[in-house]
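Examination of the molecular architecture
As a plain string of letters, each chain reads:
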Amino acid sequence: MTSAGAPERSGTTRGGGTLYRGDLGMWSWVAHRITGVLTFFFLFTHVLDTALVRVSPNAYDAVIETYKNPVVNLFEVGLVGAVLYHALNGIRVMLVDFWEKGAKYQRVMLWTVLAVWVLVMIPGFYFMMERTISDLLGGH
């Protein structure tokens, strides 16, 4: 027993260590939190820039014009990747929580989530970046 009365878990480290030690489940948890925060900040920014149209249509047009560059296009691809991962992993988390066999299959479900994410992001990246790459290479 530890000094707080809780049983000590085998495989844990004390004194500032980590319980997971870099396990895949920990990294999926971290990625889920990060993608959730990124999605929140995008939505917050989106509400603000959309609200700008009522204040000053010219300012709104200027802001929207700044979004039409290759760097922002890459951020958009990243946003789609973050939202897609967050959604797919959220389904996995719900299955782990509410399905009686969820904990048993959580690792398989995580690999499935990652495989689906890659399969969707490859064509997604192509179609989202097609115009930007064409413009950068001098196409129409």
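The rules behind each value
Residues numbered from 1 in each chain as written. Predicted model: local features only at pLDDT ≥ 70, side-chain atom pairs only at ≥ 80, totals over all residues. Heavy atoms only, no water. UniProt positions renumbered as here; feature names shortened; annotations may be inferred. Helix = DSSP H or I, 4+ residues; strand = E, 2+ residues; numbered from the N terminus. Contact = heavy atoms within 4.5 Å. Core = buried A, V, L, I, M, F, W, Y, C linked by side-chain atoms within 4.5 Å. Buried < 20%, exposed > 50% of the residue type's maximum accessible area, 1.4 Å probe, protein only. 1 Å grid on protein atoms, 1.4 Å probe; cavity = no way out; pocket = protein on both sides within 12 Å on 5 of 7 lines; lining within 4 Å. Points joined across faces, edges and corners; volume = space filled by probe spheres on them. Nonpolar A, V, L, I, M, F, W, Y, C, P; charged D, E, K, R; others polar. Polar contact = N/O pair within 3.5 Å; in protein donor to acceptor, adjacent residues only side chain to side chain.

The name given to the protein in an unreviewed UniProt entry is Succinate dehydrogenase subunit C, and the organism recorded there is Lentzea xinjiangensis. Of the comments in the UniProt record for the protein, the one headed Sequence similarities (unreviewed entry) reads "Belongs to the cytochrome b560 family."

1. Topic: the environment of Tyr85
With respect to the helices, strands and loops of the structure, Tyr85 is situated in helix 3 (residues 70-98). When the C-alpha atoms of Tyr85 and His32 are compared, they prove to be 7.5 Å apart, with 53 residues separating the residues in sequence. Filtering out sequence-adjacent residues up to four positions away, Tyr85 remains in contact with Ser28, Ala31, His32, Thr35, Gly90, Leu110, Val113, Leu114 and Trp117.

2. Quick look at the UniProt feature "transmembrane region" (unreviewed entry) in the protein
With numbering matched to this structure, UniProt assigns "transmembrane region" (unreviewed entry) to residues 26-48, 69-88 and 108-128. Annotated as residues 69-88, this span is 95% helix and 0% strand, and its ends, taken at the C-alpha atoms, are 29 Å apart.

3. A look at the nonpolar core
Of all hydrophobic cores here, the largest spans eight residues; its members are Val77, Leu84, Tyr85, Leu88, Leu110, Val113, Met121 and Met129. Taken together, the elements giving at least two residues each to this core come down to helix 3 and helix 4 (106-136). Setting aside its immediate chain neighbours within four residues, Met129 contacts Asn73, Leu74 and Val77.

4. Side note on the layout of surface pockets
Here the largest pocket is characterised by a volume of approximately 420 Å³. Taken together, 16 residues make up the lining of the largest pocket; nearest its centre are Phe42, Val72, Phe75, Glu76 and Leu79. For the lining of the largest pocket, the secondary-structure elements that each account for two or more residues are helix 1 (24-55), helix 2 (57-66) and helix 3. Looking at the lining of the largest pocket, its residues break down into 10 nonpolar, four polar and two charged. Counted as a void, the second largest pocket has a volume near 230 Å³. Listed by contribution, the elements that provide at least two residues to the lining of the second largest pocket are helix 1 and helix 3.

5. So, the side chain of Asn73
With respect to the helices and strands, the residue Asn73 is situated in helix 3. At 3.1 Å, the side chain of Asn73 forms a polar contact with the side chain of Glu76. Side chain to side chain, Asn73 and Thr132 meet in a polar contact 2.5 Å long. Ignoring any residue separated from it by four or fewer positions in sequence, one finds Asn73 in contact with Met128, Met129 and Thr132.

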